[in-house]
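Understanding the architecture of this molecule
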Amino acid sequence: CTLIDAVGIDIIHRVSKILYGAFGERMKPPPFLASLVAEGRLGQKTGKGFYIYEDGGKKKIEDPLIASKSAQKKRDSVLTDEVVQKRLAYLMVNEGTRCMEEGLVRDVSEIDIGMIFGTGFAPFRGGVLRYADSVGAESIVADLELFSRNYGQRFEPCSFLQQLAVGKKKFYKD
């Protein structure tokens, strides 16, 4: 959410529509973004987005309005913080794996470096695919399959990730 606010919710929303056009349901933009744009909550540049910004954008404060809006939109009682975190992280794992599957990178480390420097993925985790190795492909695929059934096609695990799970393999061969 911090990254989205820094880039600009309006920009993210525009790009998400382009990605949706190119990749279909797995990149469907959340309606929540459109409502934030309509309200003029564009992120740091307007002082309000997912957070409220004070002191020229230097101080970030959680916005209770956003928390109340997201609480109203909860689909079910199992949408815990852990489930939300997994849904966000595992989508990144799945897309990173697709990049490997489609030959868009030469080495797994390129994805991890790109995610750390490009999106701010937690460096102490070693990158999104190093993180996936710490969790295990079998566990991630099981969760993605459950999320796919409960929340839609965007969570369907790609075939390469499924192969890793079946073979109990990892991205890195340390």
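These lines cover the structure that appears in this document, whether it is placed above or below. As the structure is a computational prediction, the values presented were derived from the model and not from experiment.

The rules behind these values
- Residues numbered from 1 in each chain as written.
- Predicted model: local features only at pLDDT ≥ 70, side-chain atom pairs only at ≥ 80, totals over all residues.
- Heavy atoms only, no water.
- Buried < 20%, exposed > 50% of the residue type's maximum accessible area, 1.4 Å probe, protein only.
- Helix = DSSP H or I, 4+ residues; strand = E, 2+ residues; numbered from the N terminus.
- Pairing = 2+ DSSP bridges.
- Salt bridge = Lys/Arg side-chain N within 4 Å of Asp/Glu carboxyl O.
- Lys, Arg positive; Asp, Glu negative; His and termini not counted.
- Contact = heavy atoms within 4.5 Å.
- Phe/Tyr/Trp six-rings, centres within 6.5 Å; stacked < 30°, edge-to-face > 60°.
- Lys NZ or Arg CZ within 6 Å of the ring centre and 35° of its normal.
- Axes fitted to C-alpha atoms, helices over the stretch in contact; angles between N-to-C directions.
- Parallel < 35°, antiparallel > 145°, perpendicular 65-115°, else oblique.
- Left-handed = near helix turned anticlockwise from the far one by under 90°.
- Nonpolar A, V, L, I, M, F, W, Y, C, P; charged D, E, K, R; others polar.

Each regular strand displays side chains that alternate between the two surfaces of the sheet. Because side chains alternate across strand E1 (residues 51-54), one face comprises the buried residues Tyr 51 and Tyr 53, and the other comprises Ile 52 and Glu 54, none of which is buried. Bridge analysis of E1 against strand E2 (residues 59-62) gives 4 bridges, and the strand direction is antiparallel. Of the residues in E2, the one forming a bridge with Tyr 53 is Lys 60.

A side chain with one charge may pair with a side chain of the opposite charge, provided their charged atoms come close. Counted by the stated rule, this structure contains 8 salt bridges. Here Asp 63 ties to Arg 41 by a salt bridge, and the two come within 2.2 Å at their closest N and O atoms. Taken as a pair, Asp 63 in the loop between E2 and helix H4 (64-72) and Arg 41 in the loop between helix H3 (31-38) and E1 lie far apart in primary sequence, 22 residues in all. Judged by relative accessible area, Arg 41 falls into the buried class, the value being 5%. Of the charged contacts in the structure, one is a salt bridge between Glu 110 and Arg 106, with a shortest N-O distance of 3.3 Å.

Mapped onto the fold, Asp 133 is located in helix H7 (residues 128-135). Buried charge without a salt bridge: Asp 133, with Arg 130 as the nearest opposite-charge side chain at an N-O distance of 5.2 Å. When neighbours within four sequence positions are excluded, Asp 133 is seen to be in contact with Lys 170, Phe 171 and Tyr 172.

The next point concerns the packing of aromatic side chains. What the rule picks out here adds up to 5 aromatic pairs. Members of the aromatic cluster, connected to one another through ring pairs, are Phe 147, Tyr 151 and Phe 155. Lying across the ring of Tyr 151, Arg 87 places its NZ or CZ 4.0 Å from the centre. Here the basic side chain of Arg 130 rests over the ring of Tyr 172, its NZ or CZ set 3.7 Å away from the ring centre.

What follows covers the packing of helix H5 (residues 81-101) against H7. The N-to-C vectors of H5 and H7 enclose an angle of 110 degrees; their axes lie 9 Å apart at closest approach. On the basis of the axis angle, H5 is roughly perpendicular to H7. The chirality of how H5 crosses H7 is left-handed. Together, Ala 89, Tyr 90, Met 92, Val 93, Gly 96, Thr 97 and Met 100 of H5 and Val 128, Leu 129, Tyr 131, Ala 132 and Val 135 of H7 make up the contact between the two elements. Taken together, the residues that form the contact of H5 with H7 break down as 10 nonpolar, 2 polar and no charged.

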